[in-house]
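Working through the structure, step by step
Now for the letters of each chain:
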Amino acid sequence: MKRYLNFLIFGFFLVLFPLIGFSQTDKPNSFFPNFNISTSDFILIIIFLLIFFLLLFSFGIYKKTAAYFRSRKNQDADKKLENFDLKELETLKKLKSKLNNPSNKIQILLLFLLLSPNLLLAQDEAATREGIFSEYGVIITIILILIPLILSIVYLIVRIRKSLKTYFNKSDQISAQELSTYIKDNIDTFKDEEIDVLKEALSFELPENSISGHLSPKDPHKLITNISTEHYLSFFARKRNPIKRPKIDPKLTSLIMWFLGSAIFWLLVGTTVGEYLGIKFVAPEIDNFSWLSFGRLRPVHTNLVFWAWASLGMLGLGYYVVPTVGNTSIASLKHGWYSLFFINLSHLLGTLSLMAGYNNGGGEYREYVWPIMIFFMIGLSISMVNYYNTIAMRKTKEIYISNWYISSALVFIVIIAVISYLPFWQDGIGETIIQGYYMHQAVGLWFMMFCLGLLYYFLPQQFNKPIYSYSLGILAFWTQILFYTLIGTHHFVFSALPWWLQTVAIVGSVGMLIPVTSGTINFLMTFKGDWTKVSNSYSLPFFLVGVIYYFTGSYQGTAEAFRSTNLIWHFSDFTIAHSHITMYGIISFILFAGIYAIVPRLTGNEPPQLTVGAHFWLALVGLQFYTIPLMIGGTLKGLSWAEGKPFIDSVVLMGPYWLWRAIGGSMMLLSHFFLGYNFYKMLAKKETIDVRERAFNILEKHLIALETEENSKNSVQ
Amino acid sequence: MEIFNNHKRLFITFTVMFLILTLGVAIGPALNNQNNNEPLPNSKPLTKEETAGKLVYISNGCVGCHSQQVRNVEIDKVWGSRPGIAADYARIERTSFLQNTATLMGTERTGPDLTNIGQRQSSDAWHYLHLYNPRIVIPQSIMPRYKWLFEVKDYPEEGDIKVEVPDEYKDFPKNKVLVVTKDGMDLVAYLKSLKQVKLPDGTPDPIFLYKQKQIASNESSNGSTEAPSQTGPDGAQLYAANCQACHQSNGEGLKGAFPPLKGSKIVLDDNPEIMVGIIMKGYDAREEYGVMPAVGTNANLTAEQVAAIMNHEKSSWGNNARKVTADEVKKIMDSLK
C-alpha cells in the first residue's frame, strides 16, 4: 500500500514538473513539450479517460450481471431436503398440514442522482476570451473546481451500484417465490419421517443454565450495576467529550485564556470593521467621517485580523503546545504576560493612529509607524526568547517537529519586521522590493509556519496516534523556508521591479507545491482510518477544513503567480478572495479548532454543542459566499480590462459580486459572535451544583477537621 | 541526527539559511536598485504643496484602491504612454522620521491607476467636485466622499477656492458656499503633479508585452477609406473611457465646470479642424468652464479612435452632424504636429 502511494506521489510530481520549467515563459504551454497539445486536446483526453472509466464500470456491471444469471441456473441445490435448516423444516411441516398462501411485499426503488451541472456551465460562460483555458493558472483552477465534480460522479456510480444490488435482491425475491411454489406443489415428495429425524438432530440444545448456574453474578468492582446513562432528546449530532487530561498549572491556564480572549476580542473588532468595509462597497455614502473612511479603515481591518487576532491566537495556543511537546513547563510565565501586554498595546495604539490618519506609507500590513510597531516587535521577541528557553529545558531528548515550526516562525517574523522597518535599503524601488518580501514572508513564514506547527501537535493529539510521517514534516519544513522566502515579489509581477527577481518569485511559487503537497498528504493520511472521529468531535471538523484549504488555497496561490494569470487576476478582487481563503480558511480555521481543542481541557467546561455547530457552519458557508463571487467577479473584471473596456464598466460589473461578498462577510461575522459566546461559556464557572460532589466536599472538610483535632490531641499527649 | 536533538544547532541552521535567502532576494536587490537608479533628467522634485498633498494621500489610505504603476503589459496602456521603470521611483525617499518611503505602487485597482492622472485630468474643478462627491461627475462611482477636505462658509474669503456644486448634490444651505481647505488644495496639487516623465532623448520606451489580437485587427483595417463602420473602434466605449468623466454620459456636461457637447457649435461644425485640435491639444478659452487637457495626445489616441469619438459625439444626444473619416482626422492631426 505504502509503495503504491509513493508511486502516486512520484507520478504527481512528474506531472507537475513541466510547470516548473514553463512558469517562466509567457506563452501557454503543453504538458508534453514534443507534441503540440492544446487545451481542447487536453479536455478531450480527460473526456476519453472518463469514457474509459465508464466502460470499465459498465464491464464490471456486465460481469456481475452475468454471474448473477449463472447462479440463477444453479437453483436445484435449493430444492433438496438436506440443505434445509430447522426453521425451514418446521415451516415445511406446518405447510404440509395446512397449505396456506404466502404474501409478498413489493419494494419501491428510489434513485437519487447527485450532479452539479452549474459547474460545467460556469466554465462555458467564462470562455469569452480566446486562449484563457490554455493558461496554467486557469487550468489548475479548473482542476480544483473539477475535483468536487468528479467526486460527485464517483458518488453517483456508487449509488448506481447500490441500486443495481437492490434490483438483484428484488429478482432474488422472485426466485424465492418460485422456490416456494415449487415446494408447495411438490409437498408430497418430502416424507414426514425424514423431516422428523432431521428436526430432532437440529434442535438439540443444552438445558438452560446447565453451565452458568442459578446464582446472581458477583460484581465487586461495580462493572455491571453502576452504569450512568443520559436521558434526554438529542436534536443534533452528539459530539464526544474530550478525554480528561492531567491538569496543567492554573497560572499558565490563565495566561493562555488571556491570550485567546484578547485574540477573540480583536477578531470581533477586526471583522466588524471588515464587514463595514464590505458594506461600503455597496453603499459608499453610508457615512462621511474621516476616521471611518474606507482608506483608513481598510488597514485597521487587515492589521487587526492579521497581527492581533491571528498572532495572539497562535501565541496563546503556542504557550500550551511548546511546553507540552517538550514535556516541561513554560520557562517564564511573567514574560508571557509582558508579551501579551506589549502586543495588545501596539494594536490599541495602532488602530487609533490609523483611524486618525497617521500611517507608515503605502505598504500593506506595514501601516503602523515604527514607534507603534516596536511594541509589537518587543512583545514577539519576549515570546520568542520564552519559547526558546522552554525548548532548551525540554525533558525529551529530541525536539518535536511542532517546536521546529513554532520557534522558527517566531525567529523569522522578528527578523522580517526588523529588516522591513530599517530605513537603509528603502529608497525608491527598494521600498517595493522590501514590501513584497515583507508582506509575503509575514504570511508564509509567520502565520503558515506557526499554524503548521500547531497542526503537527493537535492532529496527533486529537486522533490519539502519531503523525503519519515525521520525515515528510521535516521535508516540508526545509522546503517551506527555501521556497517561501523567494516568492515575495510575485505581488509585483510586470512592475518596475527587476525582471529576474519576478521570475525567481514565480519559480519559488511553483516550488511551494512541494511543502504544500507533502504537508497535505501528511495531514490527510493522519485523518485516514479515523474519519468517524471527525463527526464525533467538535474541533476536528475545523481542522479538516483548515487542511483542505491549506491544499486548495496554496495551490491557488501558485496558480495566481504565473505571468499569464497575473494578466487577468492581478489588481482585481480575485486577490481579496485568495487572501481570505488562506488567512481565514487555513489560519483562522486552525485557530478555531485549536481553541475548541484545548480550552475545554484547561477550564473543564464544554462549549454548548449547538453554538459550536452554528459557528462552524456559518463560518464555512460564509466563506464560500465571500470567496466564490469575488473569484468570478475578479475574473470578469480582469477580462473586462483586457478587452479594453472603460474602467467604470468593471466597477459596475462588480456590483452584485460585492453584494454577495457582504452577505458572506455577515455570516462570517455572525459566526465570530458565536465563537465569543462559546469562549465565554467555556470560561464561565459552572452554575449547577453537583449535590453529591458538594456533600462530599463538606464531608472531606469535616474529616480534615477531625484529623487535625486528633493530631493536636496526639501532640499534646 | 544531531539537529533533531540540539536546539542551538537547529536554531542557528534555520536562522542562517533564512538570512542568506533574505540577503539574496530582499536586501541585496533593494540596495542594488536604490544605489543604481538616478531620477530621470526631465523629472522634477515635488513642490512644498505637492509634498503636503502626498501626505494627505498617504494619510487617507488612497493606495488601498489606487495603484501607481504602469505594468509593461498591453492592458496597462490606458494608464500611461510607457511602462514604468525603476528610475521613475528613484526620487522617492523616506517620507519623514516616523514614516517610511512611499512609492505607493499599490496592489489593487478598485479605482483607476493614478500614475498619469495629472496628464489625464488637469482640471482643478473636476478634482474638487470629484473629491467632494465622486458621484457628481461619475454617477456609478463607489469612491468615498472626502468631505473633510472642504469647508462650508457664509462667503468665500480671500484666497479661497469656491466649488460649484450642482443644486441636486448640495447638502449644505443654498445661501452658503463650499470652499476647499488647505489639505484639499495640496492633495489636488499632488494629483496634478502625477505625470509620466518622458525618457531622455534617444532612449526608446520599454515595450508593452502581450499585444492583443483585437488591436492588431484594428490596425489591419487602417487602409479602409470608408467612414467608420462596424469593424472600427467603438466610439461609445472610447467616449466613456476618455470623455465621460467631464462631459457626462448624457453629453450635457456640468454647469459651471464642463461645457455640454449636446448642441455644441464646435461639435456640430462640419469642419472638423477645431474639434480635432481641442481633442489633441486641450482647450482653455472659456472662463466659465474648467481647463480641458490634451486628452487625445495623453491617451495616445489613433486617428481612427479620434474619428470614432467624434462621430459618437456628432450623432448622439440629438446631435446630427456630418460624420468624419479617419483620413480627414489623420490629415489634421499631422498638420498639428
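Bear in mind that the values here come from a model prediction, so they are computed numbers and not experimental data. (Residues numbered from 1 in each chain as written. Chains lettered and ligands numbered in written order. Predicted model: local features only at pLDDT ≥ 70, side-chain atom pairs only at ≥ 80, totals over all residues. Heavy atoms only, no water.)

1. Description of the overall build of chain B
Counting its secondary structure elements, chain B contains 15 helices and three strands. Sorting the 337 residues of chain B into buried and exposed places 50% on the buried side. Of the roughly 16,500 Å² of accessible surface on chain B, a fraction of 54% belongs to carbon and sulfur atoms. (Helix = DSSP H or I, 4+ residues; strand = E, 2+ residues; numbered from the N terminus. Buried < 20%, exposed > 50% of the residue type's maximum accessible area, 1.4 Å probe, protein only. Areas by Shrake-Rupley, 256 points an atom, 1.4 Å probe, with all protein chains shown as cover.)

2. Re the nonpolar core
Within the largest apolar cluster, 232 residues are counted, with the highest numbers of intra-cluster contacts made by A:Trp307, A:Trp446, A:Phe450 and A:Phe589. Here A:Trp307 is in contact with A:Thr302, A:Leu312, A:His347, A:Tyr365, A:Phe376, A:Ile413, A:Tyr438, A:Ala442, A:Trp446 and A:Phe447, once residues within four sequence places are set aside. Grouped together as the second largest cluster of nonpolar side chains are 20 residues, B:Tyr239, B:Val276, B:Val306 and B:Ala308 included. (Core = buried A, V, L, I, M, F, W, Y, C linked by side-chain atoms within 4.5 Å. Contact = heavy atoms within 4.5 Å.)

3. Re the sheet that holds strand E3 (residues 177-180) of chain B
Residue and element names in this part refer to chain B. Spatially, E1-E3-E2 is the arrangement adopted by the three strands of the open sheet, whose pairing is antiparallel. On the outer flanks of this sheet lie strand E1 (150-153) and strand E2 (162-163), each paired with one strand and no other. Pairing between E2 and E3: two bridges, direction antiparallel. Within E3, the position partnered with Lys162 by the bridge is Val179. The strands touched by helix H5 (residues 124-132) within the sheet are E1, E2 and E3, with E1 carrying the most contacts at an inclination of about 90°. (Pairing = 2+ DSSP bridges. Axes fitted to C-alpha atoms, helices over the stretch in contact; angles between N-to-C directions.)

4. Here's the deal with the interface of chain B and chain A
Counting from both sides, the interface comprises 82 residues of chain B and, opposite them, 94 residues of chain A. Note on chain B versus chain A: buried area summed over both sides is about 7,800 Å², and carbon and sulfur give 67% of it. It is B:Phe18, B:Thr107 and B:Tyr210 that lose the most area in chain B upon contact with chain A, and together they represent 9% of the buried surface on that side. Linking chain B with chain A are three salt bridges, by the criterion used here. Close ionic contact of B:Arg135 with A:Glu285 constitutes a salt bridge, the shortest N to O distance being 2.9 Å. Applying the counting criterion to the chain B and chain A interface returns 23 residue pairs in polar contact (both at pLDDT 80 or more). (Buried area = accessible area lost by both parts, 1.4 Å probe. Salt bridge = Lys/Arg side-chain N within 4 Å of Asp/Glu carboxyl O. Polar contact = N/O pair within 3.5 Å; in protein donor to acceptor, adjacent residues only side chain to side chain.)

5. Some details on the pattern of salt bridges
All names here are of chain B. Counted under the stated rule, the structure contains 25 salt bridges over all chains. Between Lys192 and Asp124 there is a salt bridge; the shortest N-O distance is 2.8 Å. With Lys192 in helix H7 (residues 182-193) and Asp124 in helix H5, the pair connects residues that are 68 residues apart, well separated along the chain. By relative accessible area, Asp124 is classed as partly exposed at 33%.

6. Observations regarding a nonpolar patch on the surface
All names here are of chain A. A surface patch of nonpolar side chains, about 620 Å² in accessible area, is lined by Val282, Trp617, Val621, Phe625, Leu659, Trp660 and Ile663. For the nonpolar patch, the secondary structure elements donating two or more residues are helix H20 (609-642) and helix H21 (647-683). Summarising the element assignment, Val282 is placed in helix H7 (residues 250-282). (Patch = residues over 30% accessible without salt bridge, like charges linked within 9 Å, V, L, I, M, F, W, Y side chains within 5 Å.)

7. Quick word on the confidence of the model for chain A
Regions with low pLDDT carry predicted coordinates that are not meant to be interpreted in detail. Residues and elements named next belong to chain A. Summarising the model, chain A shows a mean pLDDT of 84, and 83% of its residues fall at 70 or more. Note that pLDDT drops below 50 for residues 20-35; the model gives that stretch 26 contacts with residues more than four away or on any other chain. Within the model, the stretch residues 100-130 combines pLDDT values under 50 with 34 contacts to residues more than four positions away or in other chains. (pLDDT = per-residue confidence, 0-100.)

8. Digging into the packing of helix H17 (residues 540-561) of chain A against helix H19 (residues 574-603) of chain A
Residues and elements named next belong to chain A. H19 packs onto H17 with a crossing angle of 155° between their chain directions and a minimal axis gap of 8 Å. The angle between H17 and H19 places the two elements in the roughly antiparallel class. Crossing hand, H17 versus H19: left-handed. Tallied by class, the residues present in the contact of H17 with H19 amount to 13 nonpolar, 10 polar and one charged. (Parallel < 35°, antiparallel > 145°, perpendicular 65-115°, else oblique. Left-handed = near helix turned anticlockwise from the far one by under 90°. Nonpolar A, V, L, I, M, F, W, Y, C, P; charged D, E, K, R; others polar.)

9. Regarding the packing of aromatic side chains
A complete count under the given rule lists 63 aromatic pairs over all chains for this structure. Ring centres of B:Tyr146 and B:Trp148 lie 5.2 Å apart, and the angle between their planes is 65°; this geometry places the pair in the edge-to-face category. A relative accessible area of 23% places B:Trp148 in the partly exposed class. The ring of A:Phe281 carries the charged tip of A:Arg661 above its face, separated from the ring centre by 4.4 Å. Between the NZ or CZ atom of B:Arg145 and the centre of the ring of B:Tyr132, over which it lies, the distance is 4.8 Å. (Phe/Tyr/Trp six-rings, centres within 6.5 Å; stacked < 30°, edge-to-face > 60°. Lys NZ or Arg CZ within 6 Å of the ring centre and 35° of its normal.)

10. Structural notes on helix H15 (residues 513-527) of chain A
Residue and element names in this part refer to chain A. The end-to-end C-alpha distance of H15 is 21 Å, a good match for the 21 Å that 15 residues give at a rise of 1.5 Å each. By the criterion of burial, H15 is predominantly enclosed, with 13 of the 15 residues buried. Following H15 by one or two positions, Gly529 has its phi on the positive side, about 85°. (Expected span 1.5 Å × (residues − 1).)

11. Remarks on the side chain of A:Arg296
Within the secondary structure, A:Arg296 sits in helix H8 (residues 294-325). In this structure, A:Arg296 is buried with no salt-bridge partner, the nearest side chain bearing the opposite charge being B:Asp183 at 7.2 Å. Look past the residues within four positions of A:Arg296 in its chain and what remains in contact with it is A:Ser290, A:Trp291, A:Leu354, A:Met355, A:Ala356, A:Gly357, B:Ser59, B:Asn60 and B:Trp148. (Lys, Arg positive; Asp, Glu negative; His and termini not counted.)

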